[in-house]
Amino acid sequence: MEAIAGLRGKYLEQIASAADIEALESVRLAALGKKGEISLLMRELGQMGAEARQTAGPALNGLKSEIDAALKARRAGLEDAVLNARLKAEWLDVTLPGRPRPMGTIHPISQVMDELTAIFADMGFSVAEGPQIESDWYNFDALNIAPEHPARQEHDTFFMHRAPGDNRPPHVLRTHTSPVQIRAMQAQGAPIRVIAPGRVYRMDMDQTHTPMFHQVEGLAIDRDISMAQLKWTLEEFCRAFFEVEEVELRFRASHFPFTEPSAEVDIRCSWEGGQLKIGEGKDWLEILGSGMVHPKVLQAGGIDPSQWQGFAFGLGIDRIAMLKYGIPDLRAFFESDLRWLRHYGFASLDQPGLAAGLSR
Ligand code: PHE
């Protein structure tokens, strides 16, 4: 009986001090494993006399279940501790805001194209497109630009290559978006109301010119369209685009082979302390060319000039982007400088609309 009390004390003590589940398992093996101390004693019961067995039996059984229960309780405690440690280490605050991930930005030119598309769409214009490598006919002839016109001269136009001996006129990088007028008229006939934003190319490079730049062409043909509607459309566009109540536009008589009469349009602005303001001030900035579509151009587009007439305009997108967002140097638009793009770029969720830009 003394031996039993000794075992009891020893194992309860070992169980209490087992630091982890592995240590506890070795205590279990030493006590209750196949060759464990208590198991061996129980095996010896068979060799005892009946009397001795009557006292030793219950005592050993009692010891066995007490140790077993202590082992189980300690095991549960150790497992709880492990779980608590994990819960603490793997703790996660699901209410924290997400980590911002650096994302690309929308280039101001793309933003402005989306803005003006939204504004003209609201006035009933749909978007038409044409190729940037254009045939000589679409870029010039169809637009009533005679072969001797200065716009055809080498210093303005990028010509594509022709194989030696191929005497057809070379294709060109389109010098304006006006060829899309012809393509749209051919494709849709009259009446028609389209805009055509896109890239154009001219050999020119300084602070306000790059060899590639952007225009948006506008074309509206119907039975009774006049200069008055051209003026209203452009004023309405500028008001919405620049988000000012009053814009003042100045129409200057001009000349384009593809419009008659023709007008260049300037917008009133001021440059003060390097700050550009639209709609007020003493300065004028040329932003577009326009006019009534020339009968020969209607004809080239397959539209009968005795039945239909309308206006066209070509607006410099880069120009109006610089004006609206206060970007001083045109060349920076196309240098792909990440710092510039992050500064002037737009978030992808900056949805263009009729009031685009108001949230900035
Ligand atoms: N295509 C002309 C240019 O590039 C602009 C323009 C378009 C003028 C339509 C009149 C009508 O300068």
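Residues numbered from 1 in each chain as written. Predicted model: local features only at pLDDT ≥ 70, side-chain atom pairs only at ≥ 80, totals over all residues. Heavy atoms only, no water.

### Remarks on the nonpolar core
Worth spelling out the cut-off: Think of a nonpolar core as a cluster: buried Ala, Val, Leu, Ile, Met, Phe, Trp, Tyr and Cys residues, connected wherever their side-chain atoms sit within 4.5 Å. Partly exposed residues are those whose accessible area sits between 20% and 50% of the maximum for their type, while under 20% is buried and over 50% is exposed, using a 1.4 Å probe and protein chains only. Note on contacts: a residue pair qualifies if any of its non-hydrogen atoms lie within 4.5 Å across the two residues.
In terms of nonpolar packing, the biggest core is built from 45 residues, with Leu116, Phe237 and Ile320 touching the most fellow members. Dropping the residues within four chain positions of it, Ile320 is found in contact with Val112, Leu116, Phe237, Phe241, Phe242, Ile287 and Leu315.

### Topic: unusual backbone geometry
Negative phi characterises most residues that are not glycine, and trans characterises most peptide bonds. Which entries qualify depends on this criterion: Think of it this way: any DSSP run of H or I at least four residues long counts as a helix, any run of E at least two long counts as a strand, and we number them from the N terminus.
Note that the residue after Ala190, namely Pro191, is joined by a cis bond; omega there is -5°. Within the secondary structure, Pro191 sits in the loop between helix 7 (179–188) and strand 4 (192–201). With an omega dihedral of -5°, the bond running from Glu260 to Pro261 counts as a cis peptide bond. Along the chain, Pro261 falls in strand 7 (residues 259–272). Of note in this structure, Asn144 is not a glycine but carries a positive phi near 65°. Position of Asn144 relative to the elements: it lies in the loop between helix 6 (136–139) and strand 3 (172–173). Take Asn144: its relative accessible area is 22%, and that puts it in the partly exposed class. Phi at Ser336 takes a positive value of approximately 55°, unusual for a residue other than glycine.

### Examining the layout of surface pockets
Here is the rule we go by: A 1.4 Å probe that fits into a set of points on a 1 Å grid over the protein atoms alone but cannot get out defines a cavity; an open set with protein on both sides within 12 Å along at least five of seven lines defines a pocket, and lining residues are those with an atom within 4 Å of a point. Grid points are joined across faces, edges and corners, and a volume is the space filled by probe spheres set on the points. Note on residue classes: Ala, Val, Leu, Ile, Met, Phe, Trp, Tyr, Cys and Pro are nonpolar, Asp, Glu, Lys and Arg are charged, and everything else, Gly too, is polar.
Of the volumes computed, that of the second largest pocket is approximately 160 Å³. If you go around the second largest pocket, the residues you meet are Leu92, Asp93, Leu96, Pro97, Gly98 and Arg99. For the lining of the second largest pocket, a count of residues per class yields three nonpolar, one polar and two charged.

### Considering the pattern of salt bridges
Put simply, the rule reads: Salt bridges are counted wherever a side-chain nitrogen of Lys or Arg sits within 4 Å of a carboxyl oxygen of Asp or Glu.
For the structure shown, the criterion picks out 21 salt bridges. Residue Arg193 is joined to Asp222 by a salt bridge in which the shortest nitrogen-to-oxygen separation is 3.8 Å. Placement of the pair is Arg193 in strand 4 and Asp222 in strand 5 (residues 212–222), with a sequence separation of 29 residues. Arg193 gets classed as partly exposed once you look at its relative accessible area, which sits at 36%. Across the pair Arg239 and Glu236 runs a salt bridge, and its minimum N-O distance is 3.2 Å. Taken together, the positions of Arg239 and Glu236, both in helix 8 (residues 227–242) and three residues apart, correspond to about one turn of that helix. Using a relative accessible area of 25% as the deciding quantity, one classes Arg239 as partly exposed. Here Glu236 falls in the partly exposed class, since its relative accessible area comes to 27%. Taken together, the shared-partner salt bridges connect Arg250, Arg252, Glu264, Asp266 and Glu286 into one network.

### Quick notes on the site of the ligand
Rule in force here: Any residue with a non-hydrogen atom lying within 4 Å of a molecule or strand is treated as near it. As used in this structure description, the phrase polar contact means that two N or O atoms lie within 3.5 Å; if the pair is within protein, one of them must be able to donate a hydrogen and the other to accept it, and residues adjacent in sequence are counted only when both atoms belong to side chains. The method behind every accessible area is Shrake-Rupley, applied with a 1.4 Å probe, and residues are considered shielded solely by the protein chains displayed.
Near the ligand, the surroundings consist of 14 residues, among which His176, Ser178, Arg202, Gln215 and Gly314 are the closest. Taking Ser178, its side chain carries an N or O atom lying 2.9 Å from a nitrogen atom of the ligand. At 2.9 Å from an oxygen atom of the ligand is found a side-chain nitrogen or oxygen belonging to Gln215. A total of 320 Å² of accessible area belongs to the ligand in isolation, and the protein chains cover 90% of it. Contributions of two or more residues to the shell around the ligand are made by strand 5, strand 9 (283–293) and strand 10 (309–316). When residues of the shell around the ligand are assigned to their parent elements, the largest contribution, three residues, is made by strand 10. Class assignment for the residues of the shell around the ligand results in four nonpolar, eight polar and two charged.

### Description of the domain arrangement of the chain
Heads up, the rule is: Domain start and end points were adopted from an automatic or database domain assignment.
Splitting the chain by domain gives domain 1 (2–89) and domain 2 (108–344). For domain 1 and domain 2, the distance between their C-alpha centroids amounts to 93 Å.

### Regarding the pairing of strand 6 (residues 249–256)
Put simply, the rule is: By the convention used here, strands pair only if DSSP detects at least 2 bridges between them.
Sheet topology note: the strand 6/strand 7 ladder contains seven bridges and is antiparallel. Counted as the bridge partner of Phe251 is Val265 from strand 7. The turn joining strand 6 and strand 7, which pair antiparallel and follow one another in sequence, is formed by two residues.

### Observations regarding the packing of aromatic side chains
One pair of aromatic rings is described through two measures. These are the centre distance and the angle between the planes. As a reminder of what qualifies: Only centres within 6.5 Å qualify two rings of Phe, Tyr or Trp (six-membered ring in Trp) as a pair; their planes then separate them into stacked at under 30 degrees, edge-to-face at over 60, and tilted for everything else. Should the NZ of a Lys or the CZ of an Arg lie within 6 Å of a ring centre and within 35 degrees of the ring normal, that charge is described as sitting over the ring.
Under the definition given, this model contains 12 aromatic pairs. Here Phe120 and Phe125 contribute two aromatic rings whose centre-to-centre distance is 5.4 Å and whose plane-to-plane angle is 70°, an arrangement assigned as edge-to-face. You can call Phe125 buried: its relative accessible area is 6%. Residues Phe120 and Phe237 carry aromatic rings whose centres are separated by 4.8 Å and whose planes lie at 10° to one another, so their mutual orientation is stacked. Here Phe237 lies in helix 8 and Phe120 lies in helix 5 (residues 108–122), a separation of 117 residues in the sequence. Comparing Phe120 with Phe237 shows no difference in burial state: the two are buried. Grouped by ring-pair contacts, the aromatic residues Phe120, Phe125, Phe237, Phe241, Phe242, Phe311 and Phe313 constitute a single cluster. Above the plane of the ring of Phe241 lies Lys324, whose end atom (NZ or CZ) is 4.5 Å from the centre.

### Regarding helix 10 (residues 317–325)
Each full turn of the α-helix corresponds to 3.6 residues, which orients residues three or four apart in the same direction. Most of helix 10 is tucked away, with eight of its nine residues classed as buried. Of the residues making up helix 10, those classed as buried are Ile317, Asp318, Ile320, Ala321, Met322, Leu323, Lys324 and Tyr325.

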